[in-house]
Amino acid sequence: VAFTNHSIPASSFIAHLGNTLLVPKMSFVTSQTVCPLTKEALPESSLETAVIFGAAVPSSKMKVCGHACTMGALMDHLKDNKGGVKCPECETSHIISICDVDAAEQLCGSDADGESSGDLVSFRYGPQVFWLSIPQYTLAQERIAQVLGTEVTRLAVIYHGKIVYPQNSKSPRDISDNLIDICKSDEGRRPSLVIIGKRTGRWGAQGGHVHR
């Protein structure tokens with residue numbers, strides 16, 4: 001099973017997650033079908049499902065945790081607990097890194113030892129590190145805003161102490177390409193990009209949208 005940016009059956013996602021992301025010899029749950037926060041089925045979209053890791057740089061050699069949550073519900077959970085929480089499924093691993101399914105597949109799954117199947121944007125936001133896949137026709141800064149539950153105009157992206165977004169002198173596409181290039185240069189390391197900005201609303205368990 002290969003993940004794409006299109007919706008997939010939750011059962012296929014769980015089967016693949018158990019086969020590629022979780023360490024078989026460890027006591028992680030490999031048959032998750034329900035988000036531990038919403039108590040509802042995990043999203044069918046690989047972009048809306050978060051995979052939690054207890055390492056700053058998830059890799060095929062360090063698959064710590066690997067449990068799944070609904071992305072929006074996890075973001076609300078982190079905000080309510082000021083970021084310092086453990087995985088709501090195993091209640092053991094600290095939430096250090098958050099990926100969507102496609103990003104987790106690239107970092108830890110069958111794509112990890114081969115050519116990258118798509119662009120990623122990685123950044124630090126609060127105490128967590130995020131690794132997100134970027135769907136086709138989506139800008140890196142738009143993808144960041146989608147997951148953080150805010151408006152793209154409310155974001156500020158910092159790189160080594162300098163603001164790289166917003167920049168009025170560059171087009172949105174040029175800025176996105178620059179962010180992606182920075183993330184590629186950070187490969188295998190803790191991300192250099194830092195995001196500043198507040199969420200403008202809360203995710204709704206019914207329908208998966210941010211409510212303002």
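As shown above, the structure is provided for reference.
Caption draft 1: Fine view of unusual backbone geometry. A cis amide bond, omega 0 degrees, links Y165 with the succeeding residue P166. Considering the arrangement of structural elements, one finds P166 in the loop between strand 7 (162–165) and helix 5 (172–185). Even without glycine at this site, Y137 takes up a positive phi of about 70 degrees. Its place among the elements puts Y137 in the loop between strand 5 (128–133) and helix 4 (140–148). With a phi close to 50 degrees, H160 is a non-glycine residue in the positive phi region. Locating H160 in the fold gives a position in the loop between strand 6 (156–159) and strand 7.

Caption draft 2: Looking closely at helix 2 (residues 71–80). Among the 10 residues in helix 2, 7 count as buried, and that is most of the element. Inspection of helix 2 places M71, G72, A73, L74, M75, D76 and L78 among the buried residues, and these make up the whole buried set. Just past helix 2, the residue K82 takes up positive phi, approximately 55 degrees.

Caption draft 3: Expanded view of the packing of aromatic side chains. Within this structure, the stated rule accounts for 2 aromatic pairs. Ring geometry for F123 versus F130: centroids 5.2 Å apart, planes at 5 degrees, classification stacked. Considered together, F123 and F130 belong to a single accessibility category, that of buried residues. Considering the side-chain rings of Y125 and F130, the 6.5 Å spacing of their centres and the 65 degrees angle between planes classify their relative orientation as edge-to-face. Like F130, Y125 is buried. Put simply, the rings of F123, Y125 and F130 pair up and form one aromatic cluster.

Rules used throughout
Residues numbered from 1 in each chain as written. Predicted model: local features only at pLDDT ≥ 70, side-chain atom pairs only at ≥ 80, totals over all residues. Heavy atoms only, no water. Helix = DSSP H or I, 4+ residues; strand = E, 2+ residues; numbered from the N terminus. Buried < 20%, exposed > 50% of the residue type's maximum accessible area, 1.4 Å probe, protein only. Phe/Tyr/Trp six-rings, centres within 6.5 Å; stacked < 30°, edge-to-face > 60°.

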